[in-house]
Amino acid sequence: MSPRPQLPRQDCAHCGRHDRCTRVVLEKAVCQRCTLRFARTAQPCPGCGHIRVLAFYDDRRRPACAACTGNETVYACTACGREDSPWGRLCGHCALQEKATVLLSSPDGVIHPRLRPVYDALISGPRPQSTLYWFTRSTGPATLGAMARGELDISHATFEAMPASRTNSYLRDLLTALGVLPPFHAELERVSPWLEELLSTLPAGQSEVLARFARWQVLSRLRRQEHHGTLTHGAISAARATIVVTARFMDWLTEDGTDLTDIGQGDLDRYAQQHRARALALRPFLAWRARTGLGGNLSVATRPSTQPAVTLSDEDRWAHVQLLLHDDTIRLYTRVAGLFVLLYAQPLARVVRMRAHQITVNPDGVVTATFDTFPIELPDPLDRLVRTHLTRRGQASYASRAEIWLFPGGIPGKHLATENVRAQLVERGIQPMAARNAAMFQLAASMPTPILADILGLAPNTATRWAALASRGWSTYTAQRDTHLRRADPYEADASESAATSCCTVGDPATPSGVRYNRHDNATGAAGSANGSTPSISTDGEPRNP
């Protein structure tokens, strides 16, 4: 059999490159590179309306598909006929289905029953090409194949025996999110081995008491937070710190020759004089010690309670709002999350944990957000941003589907990381904590305390503290901002004083900021105020009266 003759080189009609042109697109010869480019740009055909590669002209000289022009369907998948996702002679969906079946099949030729959820998640992804690339560039699929063949046990113990790597952690999170493995929180699970290592360095008496406190009190609290979906990196770090401080306190008792059950208030006061910060962190342990009968009640002097610091002027806050509303160079999910902080005083950690069902698009087009109990009507243009975000929420991982999280993350089954959004806001000059405090200050001056607590999800004491701060007028706020500016730039005290003085002229403290009540029949039937209206916040750029 004679070899196939090579085509002569010529200029590509599309890119102009001198190469062998293997296809004719729109009656012009094109090179292989441009052929692939055309194959990846399928569009609705004007003749049949299907998504096809429009490489031919119809009788009206319109680019159309092969079927409508009577040509051979050279761009169609040989298995299903679709043309919108090319992958060799198959489409991406068929190629993925074929490879996933081979990968996850047990020795008897059928998909392993326990890995069926993995198969369903992989083939239902919106971008099959991305999954096919993962098959060829990652070691994760090889691990799945070994599990399907019975070479590796499908368990957490298998991953614990593997080297720590991002690939293994991702695969473990994926199997957990899909229900193949029991629920697992990687950072929380690392606390137990760390605790065992710490206990091994302590005397027997100390380690026994510390182990009981850590497991019954500290870890039990973390488990409850995990169950309710409120466990954060900060909570785990604080728990570790509490255990370490308690261990150091026990070391001090040993050196002092004092038994844990014989501690008196005088002993604790002596320790507090030497280690003031550590003594304040001992309160959880001292309370547990009293409850379990290991000793009497002891108290540690607490820091005097202070009012929240408001260091962002209302003018600057609304400038940040305008930036996030109109700057299209900022990622959409960052804009929406930042606006929830700036307008509704929501903690950023709570915003990224929002579920998709907390946003409601009513039949009349009104968009509401439920941060706690009552839905809040979102004003224009924030409502348009949220509606757009609902249609494209970033590159969510498998099992982090958009129907679960409002801000799905890259880790399977998890929401977007708080630091992801925080870093982008800080890059634009927006400090989330300062922004939230400024929003809370304005909202507390604009509505009754019970309503503030209900619609924003605040504890009653927190709402009362903010209401008390807001009722003290702008003089306290100006002094706080003056102190903040002096600390930020000690060499420009005069300029700081001028800036602080100008802040108090932004608005009248008697004029509520930005919150108004619009009477609206909400689809959920919930009310945001005593008269049944749904609260909303103006984003026109300036505070409005109710």
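Look up a bit, the structure's there.
The structure displayed is predicted, hence computed values, not measured ones. Starting from 1, residues in each chain are numbered consecutively following that chain's sequence as written. Local features in a predicted model are, by the rule used here, given only for residues with pLDDT of at least 70; side-chain atom pairs are given and counted only at 80 or more, and totals for whole chains, interfaces and linings are based on all residues. Hydrogens and water are ignored here; the side-chain numbers use all heavy atoms of the structure.

**Let's talk about helix α1 (residues 32-39)**
Inference 1: By the burial criterion, the buried members of α1 are C34, T35, F38 and A39. The arc that holds every buried residue of α1, seen down its axis, measures 145°, which confines them to one face.
Inference 2: Any two residues whose heavy atoms approach within 4.5 Å at even a single point are treated as in contact. Only runs of H or I of at least four residues qualify as helices and only runs of E of at least two qualify as strands under DSSP, and these elements are numbered from the N terminus. In this structure, the buried residues of α1 make contact with β2 (18-25), β3 (28-31) and β8 (86-87). Exposure classes here rest on a 1.4 Å probe applied to the protein chains alone. A residue is buried below 20% of its type maximum, exposed above 50%, and partly exposed in between. Along the arc lie the directions from the helix axis toward the C-beta atoms.

**Examining the packing of helix α10 (residues 191-199) against helix α12 (residues 233-256)**
A pair of packed helices is characterised by two quantities: the angle between their axes and the separation of those axes.
Inference 1: Where α10 contacts α12, the axes come no closer than 12 Å and their chain directions differ by 10°. In this view, α10 runs roughly parallel relative to α12, as classed from their interaxial angle. In the packing of α10 onto α12, the handedness of the crossing is right-handed. Between α10, through V191, W194, L195 and L198, and α12, the contact on the second element is made entirely by I236, R240, I243 and V244. For helices, the axis comes from a line fit to the C-alpha atoms of the stretch in contact; other axes are also lines fit to C-alpha atoms, and the angle between any two N-to-C directions lies between 0 and 180 degrees. Here the angle decides the label: under 35 degrees means roughly parallel, over 145 means roughly antiparallel, 65 to 115 means roughly perpendicular, and every other value means oblique. Crossing chirality is assigned from the near helix's rotation relative to the far helix, an anticlockwise turn below a right angle marking it left-handed and a clockwise turn marking it right-handed.

**Points about the packing of aromatic side chains**
Inference 1: Only the six-membered ring of Trp is used, alongside the rings of Phe and Tyr, when aromatic pairs are assigned; centres must lie within 6.5 Å, and planes under 30 degrees apart are stacked while those over 60 apart are edge-to-face, with the rest tilted. With the rule as written, the count across this model stands at 12 aromatic pairs.
Inference 2: Summarising the aromatic geometry, the rings of W87 and Y133 are spaced 5.4 Å apart at their centres and angled 70° between planes, so their arrangement reads as edge-to-face. Taken together, the residues W87 in strand β8 and Y133 in helix α5 (residues 128-137) connect sequence positions 46 residues apart.
Inference 3: Among the aromatic side chains, those forming a connected cluster through ring pairs are W134, F135 and Y170.

**Focus on the nonpolar core**
Inference 1: For the purposes of this section, nonpolar cores are sets of buried Ala, Val, Leu, Ile, Met, Phe, Trp, Tyr and Cys residues that join through side-chain atoms within 4.5 Å. Core analysis: the largest hydrophobic core is formed by 56 residues, its most contacted members being F340, Y344, L382 and L456.
Inference 2: Ranked by the residues each element gives to this core, the list is headed by helix α17 (residues 332-344), at 10 residues.
Inference 3: Setting aside anything within four residues of it in sequence, one finds L456 in contact with Y344, A345, Q346, R350, D372, I376, M440 and L443.
Inference 4: Counting 37 residues, the second largest nonpolar core, distinct from the first, contains L210, L219, A247 and L253.

**Focus: unusual backbone geometry**
Inference 1: Residue P381 follows D380 across a cis peptide bond; omega there is 5°.
Inference 2: Within the fold, P381 resides in the loop between β12 (375-377) and α19 (382-391).
Inference 3: Within the chain, L26 stands out as a residue other than glycine whose phi angle is a positive 55°.
Inference 4: Its place among the elements puts L26 in the loop between β2 and β3.

**Notes on the state of the cysteines**
Disulfide: a covalent bond connecting the sulfur atoms of a pair of cysteines.
Inference 1: Pairs of cysteine sulfur atoms within 2.5 Å are what we label disulfides. Here the structure, examined in full by the defined rule, presents 0 disulfides.
Inference 2: Cysteine C77 is unpaired, with the sulfur of C80 as its nearest cysteine sulfur at 3.8 Å.
Inference 3: Assessed through its relative accessible area of 6%, C77 is described here as buried.

**Quick word on the packing of helix α3 (residues 92-104) against α5**
Inference 1: Two elements in contact, α3 and α5, have axes whose closest approach is 9 Å; the angle formed by their N-to-C orientations is 35°. The way α3 lies across α5 gives a crossing that is left-handed. Packed against α3, whose contacting residues are G92, H93, A95, L96, K99, A100 and L103, the element α5 presents P128, T131, L132 and F135 at the interface.
Inference 2: Here the contact of α3 with α5 is built from residues that sort into 7 nonpolar, 3 polar and 1 charged. Gly falls in the polar group here, along with every residue not listed as nonpolar (Ala, Val, Leu, Ile, Met, Phe, Trp, Tyr, Cys, Pro) or charged (Asp, Glu, Lys, Arg).

**Let's talk about the side chain of Q206**
Inference 1: Of note, Q206 is situated in helix α11 (residues 204-227).
Inference 2: Separated by 2.2 Å, the side chains of Q206 and T254 make a polar contact.
Inference 3: The residues touching Q206, leaving out its near neighbours within four places in the chain, are M250, D251 and T254. Counting of polar contacts relies on pairs of N or O atoms within 3.5 Å, with two restrictions inside protein: one atom must be capable of donating a hydrogen and the other of accepting it, and residues adjacent in sequence are counted only when both atoms are side-chain atoms.

**Details of the pairing of β2**
Regular strands place their side chains on alternate faces of the sheet.
Inference 1: Here strand β1 (residues 9-11) pairs with β2 via 3 bridges, running antiparallel. Residue pairing in the sheet places Q10 in a bridge with D19 of β2.
Inference 2: Between β1 and the antiparallel strand that follows it, β2, lie 6 residues; G16 among them carries a positive phi value of about 85°.
Inference 3: Sheet topology places β2 next to β3; 4 bridges connect them, and they run antiparallel. Bridging from a neighbouring strand, C21 pairs with C31 of β3.
Inference 4: Here, any two strands with at least 2 DSSP bridges between them count as paired. In this structure, the hairpin formed by β2 and β3 is closed by a connection of 2 residues, where L26 is found at a positive phi of approximately 55°.

**Thoughts on the pattern of salt bridges**
Side chains that carry opposite charge are capable of pairing whenever their charged atoms lie near each other.
Inference 1: By definition here, a salt bridge exists when the distance from a side-chain nitrogen of Lys or Arg to a carboxyl oxygen of Asp or Glu is within 4 Å. Under the definition given, this model contains 18 salt bridges.
Inference 2: Among the salt bridges present, the one from D84 reaches R82, with a minimum N-O distance of 2.8 Å.
Inference 3: In this structure, E208 engages R212 in a salt bridge whose closest nitrogen and oxygen atoms are separated by 3.4 Å. Within this pair, E208 and its partner R212 are both found in helix α11, separated by 4 residues, close to a single helical turn.
Inference 4: Under the relative-accessibility criterion, E208 is labelled partly exposed at 41%.
Inference 5: For R212, a relative accessible area of 21% gives the class partly exposed.

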